[in-house]
Amino acid sequence: MRDVFRIVFFLPHDHFDLAPGVSHALDTYLHAVEGRPGALAEYNCCWWQAFPLGERGWELIRDTLKPKERTFFEDYPAHKARSAEKDGADPFFILHGARESGYCFDYRARIPFRETPPNFVSVLRVTLPTEYLEERGPGFMREWVLGMASRLPFASGHAGLALDVAPVCIECPPDLRALMVRHPGFDLRNATIHDFMGAQVDGVHWLNFLGQPMLGELGGVAGLRARLSSPTTSVQEWGEGRAVVTLGPWPEAGDPLQGQALPAYRELARVLEPWLEPFDPSFLSCSEQAGDEPVLIQWWKRFL
């Protein structure tokens with residue numbers, strides 16, 4: 001396990017429409033990690049195998065981010081449709097830091113359909129080590145995340161503390177169980193597998209990006225503000241039809257044993273409950289045994 005500061009955006013658009021915004025997000029990330037040893041070590045680009053990051057890797061990644069002619073899955077001949085992703089139909093690339101460094105930039109576009117399957121989204125996931133947060137401070141991090149999000153047409157998104165869990169176990173290990181119970185502010189979902197989020201939200205976090213139709217059904221920014229009374233919560237209008245909800249001046253891990261129950265997180269969870277993603281037992285890649293399910297459900301509903 002590695003503690004990180006994680007940013008995730010769920011984007012209900014094809015790569016053709018996302019490339020400029022993702023390119024901006026990547027440039028924002030590269031500026032933040034410039035001069036940090038180990039922040040950029042390996043890459044994957046439209047292939048699962050990782051390679052050392054060098055000139056060839058950057059050439060492939062930048063080429064991936066160039067908008068290309070839109071090709072729909074329905075137009076693929078049968079022999080290619082079985083492996084459309086290998087043909088670049090859903091471009092993705094991942095930049096990895098050195099082992100356990102906490103650095104990662106992970107973008108996965110959805111396969112384009114003429115009639116998109118319900119709730120099918122592209123996903124952008126970014127991580128920085130918590131040491132970076134401690135060094136730069138929460139005020140800087142909030143503005144940095146807002147800058148990264150400024151050109152992304154998200155349906156929802158979030159930023160805050162998270163645990164990056166290596167998928168090497170067949171069950172939820174005791175150390176992870178203890179952290180799940182003790183510190184509810186740490187996110188655990190493996191966001192890269194959540195391709196069907198649609199307009200749902202995957203929980204409550206320090207920064208919460210809300211789009212349509214969810215925000216409209218809440219009565220817009222004014223209606224959302226009226227439902228939230230915590231003195232540490234702020235609601236900021238973010239362009240047309242979107243908002244950012246910030247829960248306190250800094251991200252908190254929480255600790256019920258020390259009286260840190262994260263009341264602002266609980267209040268927002270109750271407001272967003274109709275849009276919270278239903279429990280998915282596969283959200284943690286190392287929890288495949290039935291005996292893990294009660295503790296996983298308890299964590300999933302921790303703010304409710």
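To be clear, the structure that these remarks concern was listed above.
Given the structure is predicted, the values throughout are model-derived calculations rather than measurements.

Criteria and thresholds
- Residues numbered from 1 in each chain as written.
- Predicted model: local features only at pLDDT ≥ 70, side-chain atom pairs only at ≥ 80, totals over all residues.
- Heavy atoms only, no water.
- 1 Å grid on protein atoms, 1.4 Å probe; cavity = no way out; pocket = protein on both sides within 12 Å on 5 of 7 lines; lining within 4 Å.
- Points joined across faces, edges and corners; volume = space filled by probe spheres on them.
- Helix = DSSP H or I, 4+ residues; strand = E, 2+ residues; numbered from the N terminus.
- Polar contact = N/O pair within 3.5 Å; in protein donor to acceptor, adjacent residues only side chain to side chain.
- Axes fitted to C-alpha atoms, helices over the stretch in contact; angles between N-to-C directions.
- Parallel < 35°, antiparallel > 145°, perpendicular 65-115°, else oblique.
- Contact = heavy atoms within 4.5 Å.
- Nonpolar A, V, L, I, M, F, W, Y, C, P; charged D, E, K, R; others polar.
- Disulfide = S-S within 2.5 Å.
- Buried < 20%, exposed > 50% of the residue type's maximum accessible area, 1.4 Å probe, protein only.
- Core = buried A, V, L, I, M, F, W, Y, C linked by side-chain atoms within 4.5 Å.

Novice: Help me out: how do you make sense of empty space enclosed by the protein in this one?
Specialist: Gaps between atoms show up when a probe of the same size as a water molecule is rolled over them. For the coordinates displayed, the defined rule picks out one cavity of 30 Å³ or more. Each pocket or cavity is described by its volume, and for the largest cavity that value is around 40 Å³. In terms of lining residues, the largest cavity is bounded by Ser156, Gly157, His158, Val201, Asp202, Gly203, His205, Asn208, Phe209, Leu210 and Leu272. Among the elements of the structure, strand S7 (156-164) and strand S8 (207-210) are those that each provide at least two residues to the lining of the largest cavity.

Novice: Any chance you could explain the side chain of Arg6 here in plain terms?
Specialist: Mapping Arg6 onto the fold places it in strand S1 (residues 2-11). Reaching out from Arg6, the side chain makes a polar contact with the side chain of Asp187 at a distance of 3.2 Å. Engagement of the side chain of Arg6 in a polar contact is seen with the backbone oxygen of Arg189, the distance being 3.0 Å.

Novice: Is there a simple way to think about the packing of helix H1 (residues 15-33) against helix H2 (residues 55-64) in this case?
Specialist: For any two helices packed against each other, the geometry is given by the interaxial angle and the distance between the axes. One way to put it is that H1 packs onto H2 with a least axis distance of 9 Å and a crossing angle of 140 degrees. The angle between H1 and H2 places the two elements in the oblique class. Note on element contacts: H2 touches H1 through Trp58, Ile61, Arg62 and Thr64, opposite His15, Ser23, Leu26, Asp27 and Leu30. Here the residues of the contact of H1 with H2 sort into four nonpolar, three polar and two charged.

Novice: Explain the state of the cysteines to me, please; I cannot follow it from the model alone.
Specialist: Formally, a disulfide is one covalent bond, and it connects the sulfur atom of one cysteine to the sulfur atom of another. Under the criterion given, the structure shown has zero disulfides. Here Cys45 is not disulfide-linked; the sulfur of Cys46 is the nearest cysteine sulfur, at 4.5 Å. Overall, the relative accessible area of 13% leaves Cys45 in the buried class.

Novice: Any chance you could explain the nonpolar core here in plain terms?
Specialist: Of all hydrophobic cores here, the largest spans 81 residues; its most connected members are Phe105 and Trp144. Element by element, the count of residues in this core is highest for H1, at eight residues. Filtering out sequence-adjacent residues up to four positions away, Trp144 remains in contact with Ile7, Thr28, Tyr29, Ala32, Val126 and Leu128. If you look at the next biggest cluster of nonpolar residues, it comprises six residues, including Phe10, Val121, Ala191 and Met197.

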